[in-house]
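Examining the three-dimensional arrangement
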Amino acid sequence: MLRGDITAAIRNAVMNELAEVGYGRLSIEAVARRAGVGKTAIYRRWSNKLEMVLEIVSAVAERSVPMPDTGSFAGDLQLLMFIVSKALQHQIASQIIPDLMAEAARNPKIAETLQRALRTHQQAVGEKIVGQAVERGELPAGTNADLAVDLMLGPLYWRLAVSRTPIDDDYLENLSTAVLGALREPRPAH
């Protein structure tokens, strides 16, 4: 196997092991066995399990959600919600996310890494999708991008990752309509 292929095999093995056994029971030995490599191949890349998992999960979190640009805020919102809902319902992600969130409560390094990845993603969504909508006049100037992203994605995360309640296309359509209405509503000055 080529060096890049080995790293890809290890990354896939880590994600599958996390989904099957969780962070607490994940072992370097099991990852090596699943990837078809020796433990030394893993230790050449990462010094321990925590470092390996944090780097791999961060890389996946950072590249997971593309930023839609449909030409309208309503279109961007609907497409983003569709993409995020599919990502959260993915077989592996739906197992890994709750486990890592529970692990984050016990491990400050995991908590810090997840918060950084989520904050980076939230800022990117806010700057691009909300920023474009404000520039196009579809949302009021001064729209709070962080709050907008919370309204856009928070309900999906709650339904799919926390309460694990299935959703359908009607739910996504109703949610996007509610979010659009809330964000377009003029806010009183404080």
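Residues numbered from 1 in each chain as written. Predicted model: local features only at pLDDT ≥ 70, side-chain atom pairs only at ≥ 80, totals over all residues. Heavy atoms only, no water.

From N to C terminus, the chain includes nine helices and zero strands. Structurally, the chain occupies a C-alpha span of about 60 × 30 × 30 Å along its principal axes. A fraction of 64% describes how many contacts in the chain between residues 6 or more apart in sequence connect residues 24 or more apart. Summed over its atoms, the accessible surface of the chain is roughly 10500 Å², and 54% of this surface lies on carbon and sulfur atoms. (Helix = DSSP H or I, 4+ residues; strand = E, 2+ residues; numbered from the N terminus. Contact = heavy atoms within 4.5 Å. Areas by Shrake-Rupley, 256 points an atom, 1.4 Å probe, with all protein chains shown as cover.)

Turning to the packing of aromatic side chains, a few remarks are in order. Applying the stated criterion to the full structure yields zero aromatic pairs. The ring of Tyr 23 has Lys 49 lying over it, and the distance from NZ or CZ to the ring centre is 4.4 Å. (Phe/Tyr/Trp six-rings, centres within 6.5 Å; stacked < 30°, edge-to-face > 60°. Lys NZ or Arg CZ within 6 Å of the ring centre and 35° of its normal.)

A word on the pattern of salt bridges. According to the stated counting rule, one finds nine salt bridges in the structure shown. Measuring nitrogen to oxygen at the nearest pair gives 2.9 Å for the salt bridge that ties Glu 17 to Arg 34. Remark: Arg 34 occurs in helix α2 (residues 28-35) and Glu 17 occurs in helix α1 (residues 3-25); sequence separation between them is 17 residues. For Arg 34, a relative accessible area of 35% corresponds to the partly exposed category. With a shortest N-O distance of 3.7 Å, Lys 128 and Asp 69 are connected by a salt bridge. Taken together, the positions of Lys 128 in helix α7 (residues 108-135) and Asp 69 in the loop between α4 (49-63) and α5 (73-89) put the pair 59 residues apart, joining distant regions of the chain. (Salt bridge = Lys/Arg side-chain N within 4 Å of Asp/Glu carboxyl O. Buried < 20%, exposed > 50% of the residue type's maximum accessible area, 1.4 Å probe, protein only.)

Right, let's get into unusual backbone geometry. Backbone geometry at Arg 164 places phi at a positive 55 degrees, although glycine is not the residue there. Here Arg 164 is to be found in the loop between α8 (145-162) and α9 (169-184).

In this structure's numbering, the residues bearing the UniProt feature "DNA-binding region" (unreviewed entry) are residues 27-46. Annotated as 75% helix and 0% strand, the span residues 27-46 places its first and last C-alpha atoms 13 Å apart. (UniProt positions renumbered as here; feature names shortened; annotations may be inferred.)

This part covers the environment of Ala 19. Here Ala 19 shows up in helix α1. Between the C-alpha atom of Ala 19 and that of Gly 36, which follows or precedes it by 17 residues, the distance is 18 Å. Those residues in contact with Ala 19 that sit more than four places away from it in its chain are Ile 92, Gln 95 and Ile 96.

Our focus in this paragraph is a negative patch on the surface. A cluster of acidic residues, Asp 168, Asp 169, Asp 170 and Glu 173, forms a negative patch at the surface. For Asp 169, the position within the fold is in helix α9. We classify Asp 169 as exposed; its relative accessible area is 58%. (Patch = residues over 30% accessible without salt bridge, like charges linked within 9 Å, V, L, I, M, F, W, Y side chains within 5 Å. Lys, Arg positive; Asp, Glu negative; His and termini not counted. Charge placed at Lys NZ, Arg CZ, Asp CG, Glu CD.)

Quick look at the domain arrangement of the chain now. The assigned domain composition of the chain is domain 1 (4-60) and domain 2 (64-183). A separation of 27 Å is found between the C-alpha centroids of domain 1 and domain 2. Facing 13 residues of domain 1, the contacting portion of domain 2 comprises 12 residues. Here domain 1 meets domain 2 over a buried area of about 1100 Å², counting both sides, of which 72% is carbon and sulfur. In terms of surface lost to domain 2, no three residues of domain 1 exceed Ala 19, Tyr 23 and Leu 54, which account for 40% of the buried area on that side. If you look at where domain 1 meets domain 2, you find zero salt bridges. Where domain 1 packs against domain 2, one counts one residue pair in polar contact (both at pLDDT 80 or more). Within the residue set of the side of domain 1 that touches domain 2, elements represented by two or more residues are α1 and α4. (Domains from an automatic or database assignment. Buried area = accessible area lost by both parts, 1.4 Å probe. Polar contact = N/O pair within 3.5 Å; in protein donor to acceptor, adjacent residues only side chain to side chain.)

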